Amino acid sequence: MAAQRKTSRYVVPVAVAGIAAATIGLVPALAASGDPDLPEITAQQLIEKIAASDTQTLSGTLKVSTDLGLPAFDGLLGGIAEGMAGGSGEGSDEGTADPSAQLTKLLSGSHTLRIAADGPERQKLTLLDGKEQYSLVHNGDEVWAYDSRSNEVFHEKGVEGGAEEGGRAQEKEFPATSPKELADEVLKAAGDTTSITVGGTAKVAGRDAYRLVVEPKQQGSTVDSITIAVDAATGTPLKFTLASTTGGKPVLDAGFTKVDFGKPAASEFDFAVPEGAKVTEADEADAAHEAGKAQKDLEKELGDLGLGDLGGFGNFGNPENFENGEKGGFDVIGEGWTAIARMDTGAQAPKTEEAPKEVQGFLDSFGDKVSGKFGSGTVFTTKLVNALMTDDGKVYIGAVTPQKLVEAANSAK
C-alpha cells in the first residue's frame, strides 16, 4: 500500500515502540510442533527481509479488530472521534462519504476489509459492514470514496505523486491498517529499550510465516508485546498483533485471511458514480476546513455535552505551540516505551458532577480519582493509552500504567 503522512491518527498509536540493532535477538528460532518447518533465521535477518520486501501488487481480505477496553455509550465516543477528525455527522457539509468520518470506525470492534494494490498509483480499500460497504479508490490522479448506506460520493481530482503528496484526500486516504504499514511504524523507531526475537513460525492466510516478537524491556509500559507474522517467501508482513499487559483480547489485531500477490485486474480500480448519488468535491470540503469548521463543530459538540470550551486543547495541534512549558503545547518525560507527554491546558479540569448525567456515567465508568505531591486528579484508562488530568489543568498521557503517570506528575512538582 502507498505511504501516508497523516492517516496514522485514525488508528491506535504504535510509534511508541523503540527498536535498536543492539537489542535484536540473534538466536535462531526453531519451528514449534504443528507450525511450518522453515529454515532457521535470526531476528536481524528477518528484519532485513522485511526491509528488502518490495511487494507492489496484492489483493486479499483483511480482518482488523480493535479492543481498547472502553465502555460503549451509544456512540458517544464515535461521535466525538468523528468531530475531532473533521467527520461529517448530521448537518455536515462534507457528507458521510468523507474518509475522516468513515475510517474512525476502525477505532473499535471488528471489521472486514478487502484490499487491492497495483503499485503507488492504484489502490482500493473496501470496508464491509453487513449489506452496506464503504469504498476508497485511488486511481492515477483521482481519489473516489463511496458510502453505500447514504449513497454519497467524495471525489478529488488532480492528485499527483500518488499518496505521497497532493490534496486533502491524501491526508486521510488509506489508514495504517495493513500489517506492513503497522510493522513499519514499529520498525522505523530506534532505541535501546526493546527486545526483538523470532518466536517460531505460523500459518497465516494459508502461507508460511515467521513470527517476529517485539517486547519492551522497561517496566511500566502497557504494551506486553507486538507480534508480526512475516511471509517467509516475500518478506511481507501478513499479521500484526499488539497485546496489552492487562491481558484479554489484543488491543489491535490486523491480519490477512486471504492474500494473493498477483496483479489485480485494471478494472478493479475503475469507479462509476452510482445513479442518484450525491457527489462532494474535495475543494468544497476544503472550503469548510479553511473556515475552521472542524474545530468549531468539536467545540459546539463538547459544549452541548456540558464540557465547556476546549480549555487549551484547541491549540494542541499547532506545531508552533509545541514548546516546553507553554500552555497548549507539550513536553516529553522519559523515553522509549514509557515516554509520557505532559501538557498544561491552562484551565481547571471540568467537574464531572456538573456535566449531564450520561457524560458523568461515561467518565466515571473508567476514571479513577488519584492524589499525590502534585495534588489531585483523575486517571482515565484504556488497555493501551492512559491519561491523568490534574485538577489544576495539567495532562499526562502515555502508553504506561496509571502509577507511572502519578510518578511523572509528582516529579514535575
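Here, the structure is the one placed above.
Being a predicted model, the structure only gives us computed values, none of them experimental.

Considerations on the pattern of salt bridges
Part 1 of the argument: A full pass over the atoms with the stated rule returns nine salt bridges.
Part 2 of the argument: The shortest N-O distance in the salt bridge between Lys263 and Asp118 comes to 4.0 Å. A residue pair is termed long-range when its members are at least 10 positions apart, and Lys263 in the loop between β11 (252-260) and β12 (278-281) and Asp118 in strand β2 (residues 109-118) qualify at 145 residues.
Part 3 of the argument: Classification of Asp118 by relative accessible area gives buried; the value is 12%.
Part 4 of the argument: A salt bridge links Lys394 to Asp392; the shortest N-O distance between them is 3.6 Å.
Part 5 of the argument: One network of salt bridges, with partners in common, ties together Asp118, Arg122 and Lys263.

Topic: the sheet that holds strand β8 (residues 207-216)
Hydrogen bonds between backbone groups are what pair the strands of a sheet, and the pairing can be parallel or antiparallel.
Part 1 of the argument: Pairing is mixed in the open sheet, where 12 strands are placed in the order β7-β8-β9-β10-β11-β1-β2-β3-β4-β5-β6-β12. Of all strands in the sheet, those bounded by a partner on one side alone are β7 (194-204) and β12. Going across the sheet, the axis of each strand differs from the next one's by a mean of 15°, ignoring polarity.
Part 2 of the argument: Inspection of the sheet shows strand β9 (residues 223-231) paired to strand β10 (residues 237-244) by seven bridges, in the antiparallel sense. Counted as the bridge partner of Ile228 is Phe240 from β10.
Part 3 of the argument: Contacting β1 (57-66), β8, β9, β10 and β11, helix α5 (residues 179-187) runs over the sheet at an angle of about 60° to β10.

A few points about the packing of aromatic side chains
Geometry of an aromatic ring pair is reported as the spacing of the ring centres plus the angle between the planes.
Part 1 of the argument: Considering all chains together, one arrives at two aromatic pairs under this definition.
Part 2 of the argument: Each ring, one from Trp144 and one from Phe271, has its centre 4.9 Å from the other, and the planes form 25°; the classification is stacked. Of this pair, Trp144 sits in strand β5 (residues 142-147) while Phe271 sits in the loop between β11 and β12, and the two are 127 residues apart along the sequence.
Part 3 of the argument: An aromatic cluster of at least three residues, connected via ring pairs, comprises Trp144, Tyr146 and Phe271.

What counts, and at which threshold
Residues numbered from 1 in each chain as written. Predicted model: local features only at pLDDT ≥ 70, side-chain atom pairs only at ≥ 80, totals over all residues. Heavy atoms only, no water. Salt bridge = Lys/Arg side-chain N within 4 Å of Asp/Glu carboxyl O. Helix = DSSP H or I, 4+ residues; strand = E, 2+ residues; numbered from the N terminus. Buried < 20%, exposed > 50% of the residue type's maximum accessible area, 1.4 Å probe, protein only. Pairing = 2+ DSSP bridges. Axes fitted to C-alpha atoms, helices over the stretch in contact; angles between N-to-C directions. Contact = heavy atoms within 4.5 Å. Phe/Tyr/Trp six-rings, centres within 6.5 Å; stacked < 30°, edge-to-face > 60°.

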